[in-house]
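An overview of the molecular structure
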Amino acid sequence: MSDEDQFDVFLCHNSKDKPEVEEIAHELEKQGIKPWLDKWALRPGLAWQSLLEEQIENIKSAAVFVGSSGLGPWQSTEMRAFLNEFVERGCPVIPVLLRNTPQQPKLPIFLRGHTWVDFRTDTEAMENLIWGITGKQPERKPKLQPVIQADDLSSEKGVNYKRLRDLLAAGKWKEADEETFAVMLKASSREEEDWLDRESINNFPCTDLRTIDQLWVKYSNGRFGFSVQKKIYLSVGGKADGEYYQEAWEKFGDRVGWKVKGNLNQYGIVAFKTSAPEGHLPGVNNS
């Protein structure tokens, strides 16, 4: 028998599942595996039993497919005899569950205990089927671990932002807001004064401002942070020039939830929760 007449795997299936089995057969061919599929191998007008008998001693393995249509022709006495021939020759007989199989069926005793290939749930089902046919274990690509971007805690003034980062990561918004005020005093060298004047705000170190803002934005999923507040302030007519614009400030207070009954909110009743309006935090001791 020539190499062209030799098959790598016999595909046993219910005729109602033929479209999906044929799809698998095409994929096997792409991988250099020659499948015996009745539709491709049977000459019209001849009985499949006699044609299969001619090949049975040379086919190297068998795949038994089960789909939504239930058990296939391998239930018959003749097909069981053919599959038993594979078992007796020590050839792999691979039970395969198709994508539409509702549940795992019971196999005949001589196939029980064989490892299944499950196209319903296994993303590597085709690789495993090829492994069963060829005996060559596929190279498993290592799963890529997500790249976790480290927080940038840079400071021009040597301020340690780890505590602020940890508080934000834990969702402790009030403590984080208080820590924000504390680190801003340090970065401005205003710890003794315990408040930020216009000059210290206008000359606040850019690196530190960026670090504080990025931490707030990241751990609030974009709801809080100075950059969020700036965007809102500019949208209501404010200008980023260091000057005070009363009308814009009033509108900004409305938008971020800092006004109660027409008056700017006192710090004691700032809402320290993610359901607060966008831009509500950091409050940095607003009054």
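Residues numbered from 1 in each chain as written. Predicted model: local features only at pLDDT ≥ 70, side-chain atom pairs only at ≥ 80, totals over all residues. Heavy atoms only, no water.

Observations regarding helix 1 (residues 18-30)
Over its 13 residues, helix 1 extends 18 Å from the first C-alpha to the last, a length consistent with the 18 Å expected when each residue adds 1.5 Å. Where helix 1 is concerned, the buried positions are Lys18, Glu20, Val21, Glu22, Ile24, Ala25 and Leu28. The elements touched by buried residues of helix 1 are strand 1 (9-12), strand 2 (35-36), helix 2 (38-41), strand 3 (62-66) and helix 5 (125-134). (Helix = DSSP H or I, 4+ residues; strand = E, 2+ residues; numbered from the N terminus. Expected span 1.5 Å × (residues − 1). Buried < 20%, exposed > 50% of the residue type's maximum accessible area, 1.4 Å probe, protein only. Contact = heavy atoms within 4.5 Å.)

Details of the pairing of strand 4 (residues 93-97)
Residues in a regular strand project their side chains so that they alternate between the two faces of the sheet. Counting buried positions over the five residues of strand 4 gives five, a clear majority of the element. Taken together, the two bridges between strand 4 and strand 5 (residues 117-118) define a ladder with parallel strand orientation. In the sheet register, Leu97 faces strand 5, and the bridge partner there is Asp118. (Pairing = 2+ DSSP bridges.)

Some thoughts on the sheet that holds strand 4
Read from one edge to the other, the open sheet built from five strands follows the order 2-1-3-4-5, with strand pairing classed as parallel. Since the sheet does not close on itself, it has two edges, and those belong to strand 2 and strand 5, each with one partner. Two strands pair when backbone bridges link them, and strand 1 and strand 3 are joined in this way by three bridges, in the parallel orientation. Within the sheet, the bridge partner assigned to Cys12 lies in strand 3 and is Val64. Packed on one face of the sheet, helix 1 meets strand 1, strand 2 and strand 3 and runs near 165° to strand 1. (Axes fitted to C-alpha atoms, helices over the stretch in contact; angles between N-to-C directions.)

Re the nonpolar core
Ranked by size, the top nonpolar core spans 21 residues in total, and within it Tyr161, Leu164, Leu168, Ile212 and Trp216 carry the most contacts. At the level of elements, helix 6 (162-169), helix 7 (173-187) and helix 9 (206-219) are the ones that each hand at least two residues to this core. The element contributing the most residues to this core is helix 7, with seven residues. With near-sequence residues (within four places) excluded, Tyr161 lies in contact with Leu153, Ser154, Ser155, Val183, Ala187, Asp208, Thr211, Ile212 and Leu215. In this structure, Ala25, Ile33, Met126 and Leu129 belong to the second largest nonpolar core, which totals 20 residues. (Core = buried A, V, L, I, M, F, W, Y, C linked by side-chain atoms within 4.5 Å.)

Focus: the pattern of salt bridges
Applying the stated criterion across every chain yields a total of eleven salt bridges. The residue Asp8 makes a salt bridge to Lys60 at a minimum N-O spacing of 3.4 Å. Of this pair, Asp8 sits in the segment before strand 1 while Lys60 sits in the loop between helix 3 (48-55) and strand 3; the two residues are 52 residues apart in sequence, bridging distant segments of the chain. The class for Asp8 is buried, based on a relative accessible area of 17%. Look at Lys60 and you get partly exposed, because its relative accessible area is 44%. (Salt bridge = Lys/Arg side-chain N within 4 Å of Asp/Glu carboxyl O.)

So, the packing of helix 7 against helix 9
For the pair helix 7 and helix 9, the least separation of the axes is 11 Å and the interaxial angle reads 170°. By the angle between their directions, the pair helix 7 and helix 9 is classed as roughly antiparallel. Residue-level inspection shows Trp173, Ala176, Asp177, Thr180, Val183, Met184 and Ala187 of helix 7 in contact with helix 9, the latter providing Asp208, Ile212, Trp216 and Tyr219. Taken together, the residues of the contact of helix 7 with helix 9 sort by class into eight nonpolar, one polar and two charged. (Parallel < 35°, antiparallel > 145°, perpendicular 65-115°, else oblique. Nonpolar A, V, L, I, M, F, W, Y, C, P; charged D, E, K, R; others polar.)

A short note on the side chain of Asp197
Note that Asp197 resides in the loop between helix 7 and helix 8 (198-202). Judged by its relative accessible area of 18%, Asp197 falls in the buried class. A polar atom in the side chain of Asp197 sits 2.7 Å from the side chain of Ser200. (Polar contact = N/O pair within 3.5 Å; in protein donor to acceptor, adjacent residues only side chain to side chain.)

With respect to the environment of Pro277
Residue placement: Pro277 occurs in the segment after strand 7 (263-264). The exposure class assigned to Pro277 is partly exposed, which follows from its relative accessible area of 33%. Sequence separation between Pro277 and Arg223 is 54 residues; the distance between their C-alpha atoms is 8.0 Å. Excluding residues that lie within four positions of it along the chain, Pro277 makes contacts with Arg223, Phe224, Arg255, Val256 and Gly257.

Comments concerning a negative patch on the surface
On the surface, Glu191, Glu192, Glu193 and Asp194 cluster together to form a negatively charged patch. Examined against the element boundaries, Glu192 turns out to sit in the loop between helix 7 and helix 8. We classify Glu192 as exposed; its relative accessible area is 80%. (Patch = residues over 30% accessible without salt bridge, like charges linked within 9 Å, V, L, I, M, F, W, Y side chains within 5 Å. Areas by Shrake-Rupley, 256 points an atom, 1.4 Å probe, with all protein chains shown as cover. Lys, Arg positive; Asp, Glu negative; His and termini not counted. Charge placed at Lys NZ, Arg CZ, Asp CG, Glu CD.)

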